[in-house]
Structures are given as structure tokens and as C-alpha cells.
Amino acid sequence: MHYKNQNIAVLGAGLSGSAAALLLRSEGAKVTMLDSAEEKNLLKSTIDNLRAQDVRVICGAAADEDSSAYQMAVLSPGIDPASRLVRNFSSRETDTIGELELGWRSCEIPVIAVTGTNGKTTTTELLAQMLNACGQRTTACGNIGKPLSEVAREKQPYDVLTVEVSSFQLETIRTFHPSISLWLNFAPDHLDRYRSVSEYRAAKLRIFENQTDADVAVVNAIEKIPNIRPRTITFSAYANGGDFRVSDGAILYRDESVLRLADTKLRGLRCVRKANLSS
Ligand code: UMA
């Protein structure tokens, strides 16, 4: 993407916003950071670092009411689209994308994206460790705490990125396209932000939105996922119908043992064994 000399606003001076602002600066954009909080309530080192990189920083009420002209705005995931700060932009029809989308557009590395209500951080870490142990250079990033925009700016020679993605991040994607998506589970959550459980689920389902039949979706077998384009592989520790399942102390792929649970150091396996014994 070409951001050189473009006037771009970044909303939210947390981890995502700072990473987005620094990525855009490294690509030659003129960046303004807007944050509804008073400056004294923000991390001084973050604000100092942004200013040192020539990012204009506007805080408090002045940020919510800022009326400068921008070609684009980048939104931090924790900011509710209904907030004053965002409404100020939507009313002016400024092209607004999320930080995950920005990072994706500046990254030329294939992505494995992990979502689910519970367990996504553990799974993302585990996947990254397993891939690195197999010689596939990767890093765990995204909602886990290292924004994709930071990885994009670092330009390390990774083979693949292992990205934890939240519903907040997926709300504002457009072209984000994981080669492999992973849907762990779903339970009602974040109802302070979403008007309904189905709105929360719809945001999460966007993980599959840009996948094609050349991609893969790894999906919990007990989840009812609507028709999606990628090839689907299912798994379950509890149900018998999945491509991957647990039986007699081993993980099976279509009835063939691929890994004995006792050979792993994973905690919580007793729960899986117990669940299998009682089912
Ligand atoms: N802000 C405004 N106006 C508002 C609201 C907030 O300016 O109306 C400002 C705040 O003053 C603050 C900034 O926005 O300075 C915070 O932005 P943010 O909430 O997006 O926080 P980040 O530090 O950028 O962290 C975000 C994720 N936070 C959320 O989604 C709430 C982090 O996930 C993530 O690790 C990080 O980006 C890097 O990608 C945390 C999380 O709790 C761990 N995620 C939720 C979850 O896992 O359930 C979704």
C-alpha cells in the first residue's frame, strides 16, 4: 500500500494504535494520533516515542472533536464504533479500517488466524511453538499482545504468522485473508459492546470472509458454522464425528493414531480423558 504523504488519523494510543502509527510513519505517512483520554492518563513513554517519530498527538475532548481532514483513519480494536471519537469520523465518511487490516495490507507473509471465545491465546502460543520447533519460522501475534502492524514494520523473514484474532479486530477487516483459519469455540461474550449474541458471532465469522477453496478452515466439530468456502477440517475432544478426535489416550485423525496424549506435556489432559470416559 502507498501511504507516503497521506494524512492519516490513528484512533487510540494503546498497543494497536501505537504500532499502527509507527508502521504508517515508516511508510512515509503524516500521522495524527487521537485519543479520548487526557494526556496525563496515557503512558508517557508511548506518547514521547510517538512524538519523537513526528506523530502529532491530540488527546481528550480535542481528539473527540478534531475536524482536520484525513484520507484514512485506523481504529484500535478496543474502541467501540459507537464512541464519540469514531462517530466524529463516520459522520465525515472518512475511510476507516482496523489495525489488523492495516497490518495485513503491509505484510506479505501467509497467516494462520486463531479465533474463539476461549483458549485462543494458549492455542496461538502452542501453534507458534510447534511451528518453530518444526523449522517453520513464525511468531505469535495479534490480539495476544503484539499487534500485526508491529510485525509488519519489523519485516522479519517469517515463513508464516500465527495471529490471534478477536471479534473486535474482525469487525473492521476488508481484505484480511488467512490461509488457515481456526475456530475453537463460541460462547456469549462482550455483550457490553454488541447488541446481541448473533452480532458478536457475525463479527467472529468474518474470519472466513476472504478465504477461498484453496484455503483451510479448522473448525470445532460441535459448532454449527454456515457454508464457507475453505476446505474444512473438524476436531473435537468430546464428540466422535470430527476428523480429529481423542480416543483411548491418543489423538486420532480419521481413526489413525497421530499422537499419544502421554507423550505431550500439555496440562488439562485429565479433563479430556475424564470427558471421554463419561461420554
Ligand atoms: N480510547 C479512545 N476512545 C474511546 C475508547 C478508548 O481514545 O472511546 C483509547 C484509550 O484511551 C486507550 C486506547 O484507546 O488509549 C486503547 O485501545 P485498545 O482498547 O484497542 O487497546 P490496545 O492497547 O491497543 O490493545 C488492543 C487489544 N485490546 C482490546 O481489544 C480491548 C488487546 O487485546 C491486544 O492485545 C492489543 O490491541 C494488541 O493487538 C486485549 C483484550 O482484552 C488483550 N482483547 C479482548 C479479548 O481478548 O477478549 C478482545
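Definitions and limits used
- Residues numbered from 1 in each chain as written.
- Predicted model: local features only at pLDDT ≥ 70, side-chain atom pairs only at ≥ 80, totals over all residues.
- Heavy atoms only, no water.
- Near = heavy atom within 4 Å.
- Polar contact = N/O pair within 3.5 Å; in protein donor to acceptor, adjacent residues only side chain to side chain.
- Areas by Shrake-Rupley, 256 points an atom, 1.4 Å probe, with all protein chains shown as cover.
- Nonpolar A, V, L, I, M, F, W, Y, C, P; charged D, E, K, R; others polar.
- Domains from an automatic or database assignment.
- Pairing = 2+ DSSP bridges.
- Helix = DSSP H or I, 4+ residues; strand = E, 2+ residues; numbered from the N terminus.
- Axes fitted to C-alpha atoms, helices over the stretch in contact; angles between N-to-C directions.
- Contact = heavy atoms within 4.5 Å.
- 1 Å grid on protein atoms, 1.4 Å probe; cavity = no way out; pocket = protein on both sides within 12 Å on 5 of 7 lines; lining within 4 Å.
- Points joined across faces, edges and corners; volume = space filled by probe spheres on them.
- Parallel < 35°, antiparallel > 145°, perpendicular 65-115°, else oblique.
- Left-handed = near helix turned anticlockwise from the far one by under 90°.
- Phe/Tyr/Trp six-rings, centres within 6.5 Å; stacked < 30°, edge-to-face > 60°.
- Lys NZ or Arg CZ within 6 Å of the ring centre and 35° of its normal.

Points about the site of the ligand
- Ser16, Asp35, Ser36, Gly78 and Asn143 are the nearest of the 23 residues found near the ligand.
- The separation between an oxygen atom of the ligand and a polar main-chain atom of Gly142 is 3.1 Å.
- Take His190: an N or O atom from its side chain is 3.3 Å from an oxygen atom of the ligand.
- Alone, the ligand offers 920 Å² of accessible surface; in the complex the protein occludes 69% of this.
- Considered class by class, the residues forming the shell around the ligand number 9 nonpolar, 13 polar and 1 charged.
- Both domains that furnish three or more residues to the shell around the ligand are identified here as domain 1 (7-94) and domain 2 (102-231).

Remarks on the sheet that holds strand S10 (residues 216-220)
- Strand order across the open sheet formed by 9 strands is S7-S8-S6-S9-S10-S11-S12-S13-S14, with mixed pairing between neighbours. Each edge of the open sheet is held by one strand with a lone partner, namely strand S7 (140-142) and strand S14 (256-260). With strand direction ignored, the average angle separating the axes of adjacent strands in the sheet is 25°.
- Of the strands in this sheet, strand S6 (111-115), S7, strand S8 (161-164) and strand S9 (180-183) are in contact with helix H6 (residues 120-133), which crosses S8 at around 175°.

Focus: the layout of surface pockets
- Here the second largest pocket defines a volume of roughly 240 Å³.
- Ala13, Gly14, Leu15, Ser18, Ala19, Leu22, Leu43, Thr46, Asn49, Leu50, Glu150 and Arg153 together form the lining of the second largest pocket.
- Residue assignment for the lining of the second largest pocket shows that the elements contributing at least two residues are helix H1 (15-26), helix H2 (44-52) and helix H7 (148-154).
- Tallied by class, residues from the lining of the second largest pocket come to 6 nonpolar, 4 polar and 2 charged.

With respect to the packing of H1 against H2
- Running from amino to carboxyl end, H1 crosses H2 at an angle of 15°, the nearest separation of the two axes being 10 Å. What the angle tells us is that H1 and H2 run roughly parallel. For the pair H1 and H2, the sense of crossing is left-handed. Contacts from Ser18, Ala21 and Leu22 in H1 reach Thr46, Asn49 and Leu50 in H2.
- Split into classes, the residues belonging to the contact of H1 with H2 amount to 3 nonpolar, 3 polar and no charged.

Overview of the packing of aromatic side chains
- Evaluation of the coordinates by the stated rule reveals 8 aromatic pairs.
- On the numbers, 4.6 Å between centres and 40° between planes, the contact of Phe244 with Tyr253 is tilted.
- These aromatic residues form a ring-pair network of at least three members: Phe168, Trp183, Phe186, Tyr194, Tyr200 and Phe208.
- Across the ring face of Phe168, the terminal group of Arg193 is positioned such that the distance to the ring centre comes to 3.9 Å.
- Over the aromatic face of Phe186 sits the side chain of Arg201, whose NZ or CZ is 5.1 Å from the ring centroid.

Bear in mind that shape data such as this cannot, by itself, settle questions of function.
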